[in-house]
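# A closer look at the structure
Read off the chains here:
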Amino acid sequence: MFRLKENGTNVKTELIAGITTFFTMIYIVVVNPSMLSASGVPLDQVFIATIIAIVIGTLWMSLFANYPLVIGPSIGLNAYFTYSIVVSSEGTIDYLTGFAAVFVSGIFFVLLSLTPLREKLILAIPENLKRAIAAGIGLFIAFLGLRMGNIIVDSESNLVMLGDLTSPGVLLTLFGLFVTVILMVRNVSGALFIGMFITGVVATLTNQLHIEKVVAVPHLPEGILVWNPIEAIGQVISYGLYGVVFSFILVTLFDTTGTMIGVAKQAGLMKDGKLPRARKALLADSVATTFGAMFGTSPTTAFIESSAGVAAGGRTGLTSLTVAILFVAASFFGPLVSAISGVSAITSPILIIVGTLMIGSIKEIEWEKFEEAFPAFLIILIMPLTSSIATGIAFGFISYPILKIAKGEAKKVHPLLYVFAILFAFQLTFLS
């Protein structure tokens, strides 16, 4: 079913890759509820809604597209939902209205994904920008890992600075990092997962990981929040949330497309610059966004942590199927998952290592052609500095056509690139 031999993998490797991805991204079931609960949604509601969205999107990616990619709520968009839509409205817009906007954007996103537009977009992106997207995501992941492990911390004078290397959390992060790196240098199969397991044991022995309660029955306190498309569209029109819907669609479109390209290139899944079964894969996040909104979570996207599973050898949908099953199981172990997720030193070393693996695509960029190199550089630079894949892509998409026009090569730019350059310029100027 998953064509394991054809993709040069086996059941054991795929299972280990799925487990690795699961533990690398499990933090989302803690971060997403804590973020969205600030908008008034019950925490238990968001916890289960998060898992429902992950399972639906990831199963679609597994069974229909056969890719080792995982779908989950976007960290950036849950912050946008909470603070830019609900909290900033000062009571004018509640979370139910906000989820109505997410629901509508999900429906439009499904319709968009059924057309050739999303698939053609992947073909329209120049190779150098695709390589830059992969490298930029790598730096973004590594930077996220360094911040999660407190190796890098906030600085009032210089934005970021070196953290306290003698603190227990940082020491545990460095321990996990070097143990995992040594395992990888020794070519140990499943090095990333083994590294996380060893770090978890040490965290327990050093009293950094405390497990008090293990099992809790999953439940949805408020049931299904949104289900009627006509009513949801009516709310969007009543509150004038057109820009909100557009932002959800635009950001999710490029977050997922960028992540898919980066991870697919890392896994060697791109064929002649194309992504096979692209339309089926691109439907996963739009379907998950629609169902996630019904139960109470913000828009979903392809998770960059999928690259951790790819680094562990995952190449097929069996990896993502494993992740989906583990998240179903996780719904019964909320307290245990929360305890493990609370120790960032267990997962942050994996992100740093995956960043190392993904930055390799930088060597393939045509640096001798400045009109190609500069937009690629902007993507690589902006992604980690803004913690936004979409913003990095936006700067690359805007600058690329401008430089090509200046060089007299306007006809070499795909028409879609001009369209999205204009849309991105509008989004950054008026909707960000």
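Here the residue index of a chain counts from 1 through its sequence in written order. Only residues with pLDDT of at least 70 are given local features in this predicted model, and only at 80 or more are side-chain atom pairs given and counted; all residues enter the totals for whole chains, interfaces and linings. Working from all heavy atoms in the structure, the side-chain values ignore hydrogens and water.

A helix here means a DSSP run of H or I that spans at least four residues, while a strand means a run of E at least two residues long, and both kinds are numbered starting from the N terminus. Tallying secondary structure elements over the protein chain gives 19 helices and four strands in all. Atoms counted for the radius of gyration: C-alpha only. Globule rule: 2.2 Å times residue count to the power 0.38. Over its C-alpha atoms the protein chain spans a radius of gyration of 21 Å, differing by no more than 12% from the 22 Å that the globule rule assigns to 432 residues. Projected onto the principal axes, the alpha-carbon positions of the protein chain cover approximately 60 × 55 × 55 Å. Relative accessibility thresholds used throughout: buried, under 20% of the residue-type maximum; exposed, over 50%; partly exposed, between the two (1.4 Å probe, protein chains only). Buried residues in the protein chain amount to 56% of all 432 residues. Only heavy atoms enter the contact rule, under which two residues are in contact if any of them lie within 4.5 Å. Residue pairs in contact within the protein chain that sit at least 24 positions apart in sequence constitute 82% of those at least 6 positions apart. In short, Shrake-Rupley with a 1.4 Å probe defines the accessible areas, and a residue's cover is counted only from the protein chains shown. Here the protein chain has roughly 17,900 Å² of accessible surface; of this, 68% comes from carbon and sulfur atoms. Taken as two groups, the 23 positive and 23 negative side-chain charges of the protein chain have centres that lie 14 Å from each other. His is not counted, nor are the chain ends, whereas Lys and Arg count as positive and Asp and Glu as negative. Every charge is mapped onto a representative atom, which is NZ of Lys, CZ of Arg, CG of Asp or CD of Glu.

The next subject is the pairing of strand β2 (residues 152-155). Where β2 meets strand β3 (residues 159-162), four bridges bridge the pair, whose relative direction is antiparallel. Each residue of the ladder has a partner; that of valine 153, found in β3, is methionine 161. Each pair of strands is called paired provided DSSP finds at least two bridges between the two strands. Between the end of β2 and the start of β3, which pair antiparallel, lie three residues.

Our focus in this paragraph is the environment of threonine 322. Looking at the element boundaries, threonine 322 is found in helix α14 (residues 317-330). Given a relative accessible area of 10%, threonine 322 falls into the buried group. Each C-alpha atom of the pair threonine 322 and glycine 190 lies 15 Å from the other, and the pair is 132 residues apart in sequence. Apart from the residues within four sequence positions on either side, threonine 322 is in contact with Glu14, Leu15, Gly18 and Ile19. Between N or O atoms, a polar contact is any pair within 3.5 Å; within protein, one atom must be a potential hydrogen donor and the other a potential acceptor, and residues adjacent in sequence are included only when both atoms are from side chains. A distance of 2.8 Å separates a polar side-chain atom of threonine 322 from the backbone oxygen of leucine 318.

With that out of the way, let us pick up the pattern of salt bridges. The working definition used for a salt bridge is a side-chain nitrogen of Lys or Arg within 4 Å of a carboxyl oxygen of Asp or Glu. Under the defined criterion, the tally for this structure stands at seven salt bridges. Between lysine 130 and glutamate 127 there is a salt bridge, with its nearest N and O atoms 3.3 Å apart. You can see lysine 130 and its partner glutamate 127 sitting in helix α7 (residues 127-148), three residues apart, about one turn around the helix. Under the relative-accessibility criterion, glutamate 127 is labelled partly exposed at 32%. In this structure, glutamate 409 and lysine 404 form a salt bridge, with 3.0 Å as the shortest nitrogen-oxygen distance.

A few words on the side chain of threonine 97. Positionally, threonine 97 belongs in helix α5 (residues 95-114). Judged by relative accessible area, threonine 97 falls into the buried class, the value being 3%.

To continue, consider the packing of α7 against helix α17 (residues 370-386). Between α7 and α17, the shortest axis-to-axis distance is 7 Å and the interhelical angle comes to 20°. For the element pair α7 / α17, the angle class is roughly parallel. Crossing of α7 over α17 shows right-handed handedness. Facing Asn128, Leu129, Ala132, Ile133, Ala135, Gly136, Ile137, Leu139, Phe140 and Phe143 of α7, the residues of α17 in contact are Glu372, Pro375, Ala376, Ile379, Ile380, Met383 and Pro384. The classification used treats Ala, Val, Leu, Ile, Met, Phe, Trp, Tyr, Cys and Pro as nonpolar, Asp, Glu, Lys and Arg as charged, and all other residues, Gly among them, as polar. Classifying every residue of the contact of α7 with α17 by side-chain character gives 14 nonpolar, two polar and one charged. Under this scheme, a helix contributes an axis fitted over its contacting stretch, all axes are lines through C-alpha atoms, and angles between N-to-C directions fall in the 0 to 180 degree range. Any angle that is under 35 degrees is reported as roughly parallel, and any over 145 degrees as roughly antiparallel; angles of 65 to 115 degrees are reported as roughly perpendicular and all others as oblique. Definitions for this section: a left-handed crossing has its near helix turned counterclockwise from the far helix by less than a right angle. A right-handed crossing has that turn clockwise.

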